[in-house]
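Residue-level listing of the chains:
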Amino acid sequence: VRPEPGSIHTVVGRGEVLNLRGELIRLVRISRLFSAGPSPDPGECVVLVVEDAFGRKAGIVVDGILEQQQVVIKGIGGGMGHIPGITGGAVMSDGSVSLILDVGTVVKMASE
């Protein structure tokens, strides 16, 4: 979803929410959670809306979606230790390595 101007609001004590078709969805900004630089402006971001098995929804705010691929996820292994929110990695078609987020853990981390 590309948020419309004015559809992202800050709620005291709860953080940011997205008003999507009359439903308020809590937002998680990946850039803030992982201290990865400035977060994109609401008009320039993409919100990935995810729903868990219990029907709870959350929006993950990212800069954009580059492409979609099917990948084989590999565990990171003991050498790197445990990185909260990262479930593994994948070798992309160009040979680069991408980290795979554990969306459930990311949402849980943001609410703590």
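To start, this report covers the structure provided alongside it. This structure is a prediction, so every number in the text was calculated from the model and none was measured.

## Here we look at the overall build of the protein
Logical step 1: Helices and strands together make up the secondary structure of the protein, namely 2 helices and 7 strands.
Logical step 2: From first element to last, N terminus to C terminus, the protein shows the α and β order β-β-β-α-β-β-β-β-α.
Logical step 3: Based on the C-alpha atoms only, the size of the protein along its principal axes is roughly 40 × 30 × 30 Å.
Logical step 4: If you sum the accessible surface of the protein, you get close to 7,800 Å²; carbon and sulfur atoms cover 54% of it.
Logical step 5: Between the mean site of the 10 positive side-chain charges and the mean site of the 12 negative ones, the protein shows a separation of 6 Å.

## Examining the pattern of salt bridges
Logical step 1: Applying the stated rule across the entire model yields 3 salt bridges.
Logical step 2: When the shortest N-O distance is used, the salt bridge between Arg29 and Glu16 registers 2.6 Å. With Arg29 in strand E3 (residues 23–29) and Glu16 in strand E2 (residues 15–20), this pair connects stretches of sequence that are 13 residues apart.
Logical step 3: Given the relative accessible area of 7%, Arg29 is considered buried.
Logical step 4: We note a salt bridge from Arg32 to Glu16, for which the minimum N-O separation is 3.5 Å. Placement of Arg32 in helix H1 (residues 30–33) and of Glu16 in strand E2 is noted, with a sequence separation of 16 residues between them.
Logical step 5: A residue is classified by how much of its surface remains accessible, and Arg32, at 55% relative accessible area, is exposed.
Logical step 6: One network of salt bridges, with partners in common, ties together Glu16, Arg29 and Arg32.

## Focus on the sheet that holds strand E4 (residues 46–51)
Logical step 1: The sheet built from 5 strands is open, its strands ordered E1-E2-E3-E5-E4 with mixed pairing. Two strands in the sheet have a free side with no partner beyond their single neighbour: strand E1 (8–11) and E4. Averaged over all adjacent pairs, the angle separating strand axes in this sheet is 40°, with direction ignored.
Logical step 2: When E1 meets E2, the two strands line up antiparallel, connected through 4 bridges. Of the residues in E2, the one forming a bridge with Thr10 is Glu16.
Logical step 3: Contacts from helix H2 (residues 103–111) reach E3, E4 and strand E5 (57–62), with the element oriented near 95° to E3.

## Quick word on the environment of Ala36
Logical step 1: Take Ala36: it is sitting in the loop between H1 and E4.
Logical step 2: In this structure Ala36 comes out as exposed when scored by relative accessible area, which is 55%.
Logical step 3: Spatially, the C-alpha atom of Ala36 lies 22 Å from that of Arg14, the residues being 22 residues apart in sequence.

How each quantity is defined
Residues numbered from 1 in each chain as written. Predicted model: local features only at pLDDT ≥ 70, side-chain atom pairs only at ≥ 80, totals over all residues. Heavy atoms only, no water. Helix = DSSP H or I, 4+ residues; strand = E, 2+ residues; numbered from the N terminus. Areas by Shrake-Rupley, 256 points an atom, 1.4 Å probe, with all protein chains shown as cover. Lys, Arg positive; Asp, Glu negative; His and termini not counted. Charge placed at Lys NZ, Arg CZ, Asp CG, Glu CD. Salt bridge = Lys/Arg side-chain N within 4 Å of Asp/Glu carboxyl O. Buried < 20%, exposed > 50% of the residue type's maximum accessible area, 1.4 Å probe, protein only. Pairing = 2+ DSSP bridges. Axes fitted to C-alpha atoms, helices over the stretch in contact; angles between N-to-C directions. Contact = heavy atoms within 4.5 Å.

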